[in-house]
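Each chain, written out:
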Amino acid sequence: MSGIRDSLDRVGHDLLTHALARCGSEEFTGALRVAGSPGGTLHLRNGLVVGAESPGAPGPEALLLRSGRVTGEQWGALVRESGGARWPVTALIDGGYAGAAQLRVVCVMALHDAAFAIVAGRVHGCERVDETEPFATVTVGEIPGRLLQDASRRLAALSTLPHPVRPDRERPVPVQGADGGPLTDLRRELLTLADGRSTARDLAFRTGRSVYTVSVEIGRMLGEGLLECPGMPTPIPVRRPLDGQGVRQRLPVLTAPRPAAVPPVEPETLPRRQPGASGITDALSPEKNGASWKGFFRLRNGASK
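Conventions used here
- Residues numbered from 1 in each chain as written.
- Predicted model: local features only at pLDDT ≥ 70, side-chain atom pairs only at ≥ 80, totals over all residues.
- Heavy atoms only, no water.
- Helix = DSSP H or I, 4+ residues; strand = E, 2+ residues; numbered from the N terminus.
- Buried < 20%, exposed > 50% of the residue type's maximum accessible area, 1.4 Å probe, protein only.
- Contact = heavy atoms within 4.5 Å.
- Areas by Shrake-Rupley, 256 points an atom, 1.4 Å probe, with all protein chains shown as cover.
- Core = buried A, V, L, I, M, F, W, Y, C linked by side-chain atoms within 4.5 Å.
- Expected span 1.5 Å × (residues − 1).
- Arc of directions from axis to C-beta.
- Pairing = 2+ DSSP bridges.
- Axes fitted to C-alpha atoms, helices over the stretch in contact; angles between N-to-C directions.
- Salt bridge = Lys/Arg side-chain N within 4 Å of Asp/Glu carboxyl O.
- Parallel < 35°, antiparallel > 145°, perpendicular 65-115°, else oblique.
- Left-handed = near helix turned anticlockwise from the far one by under 90°.

## Let's talk about the overall build of the protein
- Helix and strand counts for the protein stand at 10 helices and 6 strands.
- Across the 305 residues of the protein, 38% fall into the buried class.
- A sequence separation of at least 24 residues applies to 67% of the contacts in the protein between residues at least 6 apart.
- By element, 54% of the accessible surface of the protein is carried by carbon and sulfur atoms, the whole surface being about 18,900 Å².

## A closer look at unusual backbone geometry
- In the segment running from Ser37 into Pro38, the intervening peptide bond is cis, with an omega of 5°.
- Along the chain, Pro38 falls in the loop between strand 1 (30-37) and strand 2 (40-45).
- Its identity is not glycine, yet Glu27 carries a phi of approximately 50°, on the positive side.
- On the secondary structure map, Glu27 appears in the loop between helix 1 (10-25) and strand 1.

## With respect to the nonpolar core
- Counting 37 residues, the largest nonpolar core has Leu16, Leu20, Leu32, Leu42 and Trp87 as its most contacted members.
- In terms of residue count, the dominant contributor to this core is helix 5 (residues 100-120) (9 residues).
- If you look at the next biggest cluster of nonpolar residues, it comprises 24 residues, including Leu155, Val165, Leu186 and Cys229.

## Remarks on helix 1
- Over its 16 residues, helix 1 extends 22 Å from the first C-alpha to the last, a length consistent with the 22 Å expected when each residue adds 1.5 Å.
- All of the buried residues in helix 1 are Gly12, His13, Leu16, Ala19, Leu20 and Cys23. Along the axis of helix 1, the buried positions cluster into a sector of 130°, meaning they face one direction only. Away from its buried face, by an angle of more than 90 degrees, helix 1 presents the exposed residues Val11, Asp14, His18 and Ser25.

## Some points on the sheet that holds strand 2
- Taken together, 4 strands build an open sheet; the order of strands is 3-2-1-4 and the sheet is antiparallel. Edge positions in the sheet fall to strand 3 (48-53) and strand 4 (122-129), since each of these pairs with one other strand and no more. Strand-to-strand, the axes of this sheet are offset by a mean angle of 25°, without reference to chain direction.
- For strand 1 and strand 4, the ladder comprises 7 bridges, and the chain directions are antiparallel. Across the sheet, residue Ala35 finds its bridge partner in strand 4, namely Gly125.
- Helix 1 rests against strand 1, strand 2, strand 3 and strand 4 of the sheet, and its axis sits at about 20° to strand 4.

## Digging into the pairing of strand 2
- Among the 6 residues that make up strand 2, 5 are buried, leaving the element largely enclosed by the rest of the structure.
- As paired elements, strand 1 and strand 2 share 5 bridges and run antiparallel to each other. From the neighbouring strand, Gly30 faces strand 2, where its bridge partner is Leu44.
- Connecting strand 1 to the next strand, strand 2, in antiparallel fashion are 2 residues, including Gly39 with a positive phi near 75°.
- One ladder, built from 5 bridges, connects strand 2 with strand 3; its direction is antiparallel.

## Observations concerning the pattern of salt bridges
- Under the criterion given, the structure shown has 13 salt bridges.
- Residue Glu26 pairs with Arg22 through a salt bridge whose shortest N-O separation is 3.3 Å.
- A relative accessible area of 42% means that Arg22 is categorised as partly exposed.
- Of the charged contacts in the structure, one is a salt bridge between Arg153 and Asp150, with a shortest N-O distance of 3.6 Å. Taken together, the residues Arg153 and Asp150, both in helix 6 (residues 144-159) and 3 residues apart, mark about one turn of the helix.
- Residue Asp150 is classed as buried on the basis of its relative accessible area, which comes to 16%.

## Things to note about the environment of Thr41
- Inspection of the secondary structure puts Thr41 in strand 2.
- Under the relative-accessibility criterion, Thr41 is labelled buried at 16%.
- Sequence separation between Thr41 and Ala114 is 73 residues; the distance between their C-alpha atoms is 8.7 Å.
- Discounting chain neighbours no more than four positions away, the residues touching Thr41 are Ala31, Leu32, Arg33, Gly51, Ala52, Glu53 and Ile118.

## Considering helix 6
- For helix 6, which comprises 16 residues, the first-to-last C-alpha distance of 23 Å matches the rise-based estimate of 22 Å (1.5 Å per residue) to within 8%.
- Burial in helix 6 covers these residues: Pro144, Leu147, Leu148, Asp150, Ala151, Leu155, Leu158 and Ser159.

## Observations concerning the packing of helix 8 (residues 200-207) against helix 9 (residues 211-223)
- For the pair helix 8 and helix 9, interaxial distance at closest approach is 8 Å and the crossing angle is 120°. Judged by the angle between their axes, helix 8 and helix 9 are oblique. Helix 9 is crossed by helix 8, and the crossing has right-handed handedness. Between helix 8, through Ala200, Arg201, Leu203, Ala204 and Thr207, and helix 9, the contact on the second element is made entirely by Val211, Val214, Ser215 and Ile218.

Here's what the structure looks like:
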């Protein structure tokens, strides 16, 4: 993203920061709905963020299903047994599908990934709403300011990649004939699922991985020539100077000051010349001054004596 930093909506980010700061200072308990693209909801308890969800990031259920500890059929049965609960913690623990610590880790991962998706998008407004206990929470809540700093730090780290991508924009395709050597499971999945229509966010849902992890991996694979984005401009490499001191600031070129402009002379101020006069101007003409030639020469001769 030439400017993945440009994608950081400064106005919206300040709006979200201010809203969360007030929630923290007032020890608000409830939900903060963030309108935007993709937007989301932050759940707070006594001013601390204990859960988050966003259409731009897979939720804890998707991450848990991806882990292979529970299948889709088993998950459906557990939800029905729990009366339709979105996060059947008790049934998961009692059934031996996951431990309490594992479920907490999944909730923390989903919380931070949802916050990253919200910050990486656009924020149009924030609204407080009262709610009952959210469906998936962490034991120890996150300080709102620290949570936003972590999301912004992830976005900044993503922008440092040679080929950074936005979670909801670039649509990569595999490079035919590219040899990347041994592939990880995630890279193999991305090469299989990247079809030129799916963004990093889409691929995160399809692989059951966090949108931040998928965005970083796609950026790396673009840099290694395993993936490409048709129509995506190639970043211009920045060469280091020979002294290895990095990019230096260009000094301004010093130029000589321009001479002061000479003010134009109005035509009326110039002495006029009579036709046929031999270099004698009207300003020096005795007739112009009311004197005769005779008086003029008498005056001149008297001054020379």
